[in-house]
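Spelled out, the chains give:
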Amino acid sequence: MQIELINTGAELLVGRVLNTHQQWLCRQLTDLGYEVSRQVCVPDQGRQIQAAAGEALQRADLVITTGGLGPTSDDLTRDCIAQMLGRKLVLHPATLTRIEEFFAARHRPLPANVQVQAMIPEGALVFANANGTAPGLAVEAGPGKRLILLPGPPRELRPMFLESVVPWLRLEFPIASRFLCRTIKTTGLGESVVEEKIAGALQPLVGEGLEVAYCARVGEVDVRLAARGDKAGAVLAEGLSRVERLLGAVIFGKEDDSLESVIIGLLTRRKETLAVAES
């Protein structure tokens, strides 16, 4: 199964806003056993959105877009996708009622342009937005092809994805080939030295499907191990065991651990303090 992400928003391309959607969605999908094959970011322009979605659908089974579902003039994703697929926009009464209740509960007048969010591509499945007004959408885009449209604000996107999209995803795209991925975090050795220490021991497992990658940053090197298929669990577990044995004390954590948090944890447990000074 091929999954591609399309993040829309000029603010992402001019560097005014950090694109956290890409990292968060890729992590969630990977943890669920899915793999993202490509990610692109495009501005809030109709032709760019349609071109990116059209190209992605030629390769992928599932395309997920973020942003462009709001009520303002630069929110074009919903309209562009409907036009690209030849779908009319139709009123979704339940969404309109939800929007009206959202504003009434806050004792705020209902702007006329907000109601456009209740217009959805004909035949689309609606994911209710419990934290905003723009619903998410799932649209068929051909045999075996699906488009998921998610709102841009993280406080709306993340709960919607976890509560609505994940159950839908498991139903529509059950995992045929298991995919597992784990990260070991090290410090004190350079990237080439880390690879030198573990590459030989991991080579037989690579022949069995283990994937090995390295990511270097200042003072740290991440070792990422991944495997897929029925033997993924066993192959990955053996790979992790060999890396831990060979790297030993230079390993400071796994997955999302940061060196700073690990140091603070050690100091706390030892009831010690650390003082620093700038010269």
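Residues numbered from 1 in each chain as written. Predicted model: local features only at pLDDT ≥ 70, side-chain atom pairs only at ≥ 80, totals over all residues. Heavy atoms only, no water.

Caption draft 1: Up close: unusual backbone geometry. The phi dihedral of H107 falls on the positive side, at around 55 degrees, and the residue is not glycine. Even without being glycine, E255 reaches a positive phi, approximately 50 degrees. Along the chain, E255 falls in the loop between β12 (251-254) and α9 (259-270). When its relative accessible area of 27% is taken as the criterion, E255 is described as partly exposed. (Helix = DSSP H or I, 4+ residues; strand = E, 2+ residues; numbered from the N terminus. Buried < 20%, exposed > 50% of the residue type's maximum accessible area, 1.4 Å probe, protein only.)

Caption draft 2: Focus on the side chain of R78. Mapped onto the elements of the fold, R78 is located in helix α4 (residues 77-85). One polar contact links the side chain of R78 to the main-chain carbonyl oxygen of L69, over a distance of 2.9 Å. The residues touching R78, leaving out its near neighbours within four places in the chain, are G68, L69, G70, L89, V116, Q117, M119, P121, L137 and L149. (Polar contact = N/O pair within 3.5 Å; in protein donor to acceptor, adjacent residues only side chain to side chain. Contact = heavy atoms within 4.5 Å.)

Caption draft 3: How the structure looks around the sheet that holds strand β9 (residues 179-187). The strand order across the open sheet built from 4 strands is β10-β11-β9-β12, with neighbouring strands paired in antiparallel fashion. Edge strands, defined here as strands with exactly one partner in the open sheet, are β10 (211-217) and β12. Geometrically, the sheet is characterised by an average inter-axis angle of 25 degrees between neighbouring strands, direction not taken into account. (Pairing = 2+ DSSP bridges. Axes fitted to C-alpha atoms, helices over the stretch in contact; angles between N-to-C directions.)

Caption draft 4: Structural context of the nonpolar core. I64, I148 and L150 are the most contacted members of the largest nonpolar core, which totals 21 residues. Elements with a contribution of two residues or more to this core: β1 (3-8), α2 (20-32), β3 (62-66), β8 (146-150) and α6 (154-172). Residue contributions to this core peak at 7 residues, all from α6. Once residues within four sequence positions are removed from consideration, L150 is found in contact with L25, I64, T65, T66, G67, L69, L157, M160, F161 and V165. Counting 20 residues, the second-largest nonpolar core is a separate cluster that includes L57, V63, A124 and V139. (Core = buried A, V, L, I, M, F, W, Y, C linked by side-chain atoms within 4.5 Å.)

Caption draft 5: Structural context of α2. When the terminal C-alpha atoms of α2 are compared, their 18 Å separation across 13 residues agrees well with the 18 Å that a helix rising 1.5 Å per residue should span. Buried within α2 are the following residues: H21, W24, L25, C26 and L29. Where α2 is buried, its residues contact β1, β2 (36-42), β3, β8 and α6. Where α2 begins, the capping side chain belongs to N19, and its oxygen is found 3.4 Å from the backbone nitrogen of H21. In the stretch just after α2, G33 is the one whose phi turns positive, near 105 degrees. (Expected span 1.5 Å × (residues − 1).)

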